[in-house]
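# Structural overview for review
Chain by chain, the residues run as shown.
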Amino acid sequence: MNVKFLHIPKTAGTSVRSFLARFFAARHVCPAVDQRQLRDISPERLRSFRMFSGHFHWRALDQIEGPSFTFSVLRQPVARIVSFYFFLRAVGARSDPAKLSGPHMQGIHAALNLPPDAFFCDGGSPEVRAHIDDLFDNFYTFYFAGRAFNARRRIRKRNIPESKIVATAQRNLDLLDGLYSTDDLASLQEDIIDWFGRSGIGLWGTLRSHFSPLPGINLNTREGDFTSRVADLKALGATYRTFDRINDMARLDSVIWAARFGHIPVLRLD
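Owing to the predicted nature of the structure, the values given are computational and were not obtained by experimental measurement.

## Overview of the pattern of salt bridges
Evaluated as defined, the whole model comprises 13 salt bridges. Arg147 is paired through a salt bridge with Asp62; the nearest N and O atoms lie 2.2 Å apart. With a gap of 85 residues between them, Arg147 in the loop between helix 9 (139–146) and helix 10 (151–157) and Asp62 in the loop between helix 4 (58–61) and strand 3 (68–74) connect regions that are remote in the sequence. According to the relative accessible area criterion, Arg147 is buried, its value standing at 18%. Taking the relative accessible area as the measure of exposure, Asp62 reaches 39% and is therefore partly exposed. In this structure, Asp194 engages Arg198 in a salt bridge whose closest nitrogen and oxygen atoms are separated by 2.7 Å. Of the residues examined, Asp194 reaches a relative accessible area of 45% and is grouped as partly exposed. Residue classification places Arg198 among the exposed residues on the basis of a relative accessible area of 56%. Because the salt bridges share partners, they merge into one network encompassing Arg129, Asp133, Glu162, Arg245, Asp248 and Arg251.

Here is the structure:
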């Protein structure tokens with residue numbers, strides 16, 4: 001049995017990957033953590049792995065045959081957008097300035113150097129603008145509708161009504177073996193133990209879970225709470241334009257979230 005974790009940025013994915021790895025021998029853990037790395041691994045070598053966890057196109061993992069437990073984790077959409085923005089800024093602040101001009105760093109460069117209103121609303125070249133929107137604009141909806149990280153531009157070019165895009169995303173989400181929220185990682189832990197913790201190295205993973213449960217791992221969480229992040233946005237000069245745009249960037253994703261986990265509030269400036 002394989003496990004395929006569709007890791008969306010800033011949804012506790014590093015913690016989930018660390019927890020999952022307890023249930024597999026190191027040789028069975030795919031080292032790739034993003035689509036570019038996955039492409040560099042030969043099909044023959046991919047077949048030797050049982051655990052796949054990263055920022056992958058879902059359709060790419062479909063090429064890996066055999067029974068599998070495929071799942072993803074979501075975070076409240078507005079909170080994810082705000083967290084992702086500050087994560088990019090933090091990465092940029094500790095990066096070599098010479099590397100920030102590279103093609104794969106354009107979102108990080110923009111987050112660090114553009115004021116919030118420009119970053120979220122209308123700043124940057126057309127290429128940078130499209131890159132930012134691909135990362136932030138209703139990412140859940142476009143990712144699950146198109147089963148790929150780069151699905152947004154392709155879907156939007158086809159002028160498909162939003163209601164149909166959301167409906168397609170919902171149908172694809174129904175195909176997952178599990179969908180969890182960052183607010184209830186204990187449920188994910190229980191399911192991982194049920195699927196992989198009954199024999200072999202999984203027994204050791206189950207034992208470790210009693211002393212170090214998934215909800216308590218908290219890797220890559222060197223950030224303040226949501227309220228403090230909103231205050232940080234204001235301190236950086238964010239106006240109502242930023243807050244309105246963030247709400248719009250979460251509008252379709254909030255439909256998906258509400259259908260699965262309940263209502264969430266909008267982001268307000270006051």
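So much for the structure itself; the text now carries on.
## Details of the packing of aromatic side chains
Inspection of the entire model under this criterion finds 23 aromatic pairs. On the numbers, 5.4 Å between centres and 90° between planes, the contact of Phe119 with Phe136 is edge-to-face. One end of the pair, Phe119, is in helix 7 (residues 116–122); the other, Phe136, is in helix 8 (residues 126–136), and 17 residues separate them in sequence. Of the two residues examined, Phe119 and Phe136, each falls in the buried class. The rings of Phe5, Phe24, Phe69, Phe71, Tyr180, Trp195 and Phe196 are connected pair by pair, giving a single aromatic cluster. Above the face of the Trp58 ring, Arg147 is positioned so that its terminal group lies 4.1 Å from the ring centre. A cation sits over an aromatic face here: Arg229 above Phe86, 4.3 Å from the ring centre.

What counts and what doesn't
Residues numbered from 1 in each chain as written. Predicted model: local features only at pLDDT ≥ 70, side-chain atom pairs only at ≥ 80, totals over all residues. Heavy atoms only, no water. Salt bridge = Lys/Arg side-chain N within 4 Å of Asp/Glu carboxyl O. Helix = DSSP H or I, 4+ residues; strand = E, 2+ residues; numbered from the N terminus. Buried < 20%, exposed > 50% of the residue type's maximum accessible area, 1.4 Å probe, protein only. Phe/Tyr/Trp six-rings, centres within 6.5 Å; stacked < 30°, edge-to-face > 60°. Lys NZ or Arg CZ within 6 Å of the ring centre and 35° of its normal.

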